[in-house]
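Descriptive structure summary
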Amino acid sequence: AQSVTQLDSQVPVFEEAPVELRCNYSSSVSVYLFWYVQYPNQGLQLLLKYLSGSTLVKGINGFEAEFNKSQTSFHLRKPSVHISDTAEYFCAVNNQAGTALIFGKGTTLSVSS
Amino acid sequence: NAGVTQTPKFQVLKTGQSMTLQCAQDMNHEYMSWYRQDPGMGLRLIHYSVGAGITDQGEVPNGYNVSRSTTEDFPLRLLSAAPSQTSVYFCASSYNRKETQYFGPGTRLLVL
């Protein structure tokens, strides 16, 4: 069965510092991997996705993620964060039937000045 | 396009009451899903549909019912509300399994 583990529930960083949000997955079928962001009191917005091909995926707002099949990871990175990046971030993998998503529990990124 | 719309935005129920959360999309997406979001739990899949007339259970289906009579609409019914169903509910849709899931703005439900 598919599952997602986000290794950090909270990540505090200072503005302009780099950040990495860690995500490991478990899957018995071909994976499609996603990162979503949720700003306070809003819905979810897609940051980036991996379907196939290049293992380095670039998304919106300067974020990127690297698919590592041997380590079953899909970590999200940004070289320099802004206050406006403060949000909750969710890693997700397709369910076994490929019909919906299985989400991790989320990582709260708090950026301070 | 309005995208994915959900109504109501907020609802208070008493234990034992029933209600329907509405979800509609105007993107002609075949795949639609319902999730609930609880603090520290992420989003958990309740039910999903791969097309009109086809639905299936997700991770936490108990206490919820769905139907899909049209491509556009995917309502979620709470049969007899319980305090454990206090949550934020999100509806999502996508064209197929590889495409981005688009989320609605959510419905906040409080069951007293």
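For the structure itself, look to the data block above.
Residues numbered from 1 in each chain as written. Chains lettered and ligands numbered in written order. Predicted model: local features only at pLDDT ≥ 70, side-chain atom pairs only at ≥ 80, totals over all residues. Heavy atoms only, no water.

**Points about the overall build of chain A**
Note the following rule: The helix and strand labels rest on DSSP assignments: H or I over at least four residues marks a helix, E over at least two residues marks a strand, and numbering proceeds from the N terminus. For this measure, only C-alpha atoms enter the radius of gyration; the expected value for a globule follows 2.2 Å times N^0.38, where N is the number of residues. Any residue under 20% of the maximum accessible area for its type is buried, any over 50% is exposed, and the rest in between are partly exposed; the area is computed with a 1.4 Å probe on protein chains only. We call two residues in contact when some of their heavy atoms are within 4.5 Å. Exposure was quantified through the Shrake-Rupley algorithm and a 1.4 Å probe, taking into account, for residues, occlusion by the shown protein chains and nothing else. When charges are counted, neither His nor the chain ends are considered; positive counts come from Lys and Arg and negative counts from Asp and Glu. Where a charge lies is defined by one atom per residue type, namely NZ (Lys), CZ (Arg), CG (Asp) and CD (Glu).
The helix and strand tally for chain A stands at 0 helices and 12 strands. Scanning chain A from its N terminus toward the C terminus, one meets helices and strands in the order β-β-β-β-β-β-β-β-β-β-β-β. In terms of overall dimensions, chain A is globule-like: its C-alpha atoms have a radius of gyration of 13 Å, near the 13 Å expected for 113 residues. Projected onto its principal axes, the C-alpha positions of chain A cover 45 × 30 × 20 Å. Burial status across chain A gives 47% buried among its 113 residues. The contacts of chain A with a sequence gap of at least 6 include a subset with a gap of at least 24, amounting to 55%. As presented, chain A carries roughly 5200 Å² of accessible surface, and 49% of it is formed by carbon and sulfur atoms. For chain A, the centre of its 7 positive side-chain charges and the centre of its 8 negative side-chain charges are spaced 10 Å apart.

**A closer look at the state of the cysteines**
Counted only if it meets this: Disulfide: a pair of cysteine sulfur atoms within 2.5 Å of each other.
For the structure shown, the criterion picks out 2 disulfides over all chains. With its sulfur 2.0 Å from that of its partner, C23 of chain A forms a disulfide with C91 of chain A. Since a negative S-S torsion denotes a left-handed disulfide, the C23 of chain A-C91 of chain A link at about -70 degrees is left-handed. Separated by 68 residues along the polypeptide, C23 of chain A in strand β4 (residues 23–26) and C91 of chain A in strand β10 (residues 87–94) bring together distant segments of the chain. No difference in accessibility class separates C23 of chain A from C91 of chain A, as the two residues are buried. Linked covalently through their sulfurs, C23 of chain B and C91 of chain B form a disulfide whose S-S length is 1.8 Å. Between C23 of chain B and C91 of chain B, the S-S dihedral sits near -70 degrees, and the bridge is therefore left-handed. Here C91 of chain B lies in strand β9 (residues 87–94) and C23 of chain B lies in strand β3 (residues 19–25), a separation of 68 residues in the sequence.

**Concerning the pairing of strand β12 (residues 107–112) of chain A**
Successive side chains on a regular strand alternate, one facing one side of the sheet and the next facing the other. All names here are of chain A. Definition in use: Any two strands with at least two DSSP-identified bridges between them are counted as paired.
Where burial is concerned, the two faces of β12 differ: the one with T107, L109 and V111 is buried and the one with T108, S110 and S112 is not. Bridge count between strand β2 (residues 10–14) and β12: 5 bridges; the pairing is parallel. When the sheet's bridge partners are listed, P12 is paired in β12 with S110. The pairing of β10 with β12 spans 3 bridges and is antiparallel. Its bridge partner lying in β12, A87 is registered against L109.

**Concerning the interface of chain B and chain A**
Counted only if it meets this: Each of two parts loses accessible area, computed with a 1.4 Å probe, when they are put together; buried area is these two losses added. Pairs of N or O atoms within 3.5 Å make up the polar contacts considered here, provided that, within protein, one atom can donate a hydrogen while the other can accept it, and that residues adjacent in sequence are counted only when both atoms are side-chain atoms.
Listed per partner, the contact involves 21 residues of chain B and 22 residues of chain A. Here chain B packs against chain A, burying approximately 1800 Å² in sum over the two surfaces, 57% of which is carbon and sulfur. Of all residues in chain B, L43, R97 and K98 of chain B bury the most surface against chain A, accounting for 29% of the area lost on that side. Seen at the junction of chain B and chain A, the total is 5 residue pairs in polar contact (both at pLDDT 80 or more).

**Things to note about the sheet that holds β3 of chain B**
Strand pairing within a sheet occurs via backbone hydrogen bonds; the two strands may be parallel or antiparallel. Residue and element names in this part refer to chain B. In plain terms, the rule: Each axis is a line fitted through C-alpha atoms, taken for helices only over the stretch in contact, and angles between the N-to-C directions span 0 to 180 degrees.
Read from one edge to the other, the open sheet built from 4 strands follows the order β1-β3-β8-β7, with strand pairing classed as antiparallel. Whereas interior strands pair on both sides, the edge strands pair on one side only; in this sheet they are β1 (4–7) and β7 (64–66). Averaged over all pairs of adjacent strands, the angle between strand axes in this sheet comes to 20 degrees, irrespective of strand direction. Sheet analysis places β3 next to strand β8 (residues 76–78), joined by 3 bridges and oriented antiparallel. Paired with L21 across the bridge in β8 is L76.

Any link to function would need more than the numbers given here.
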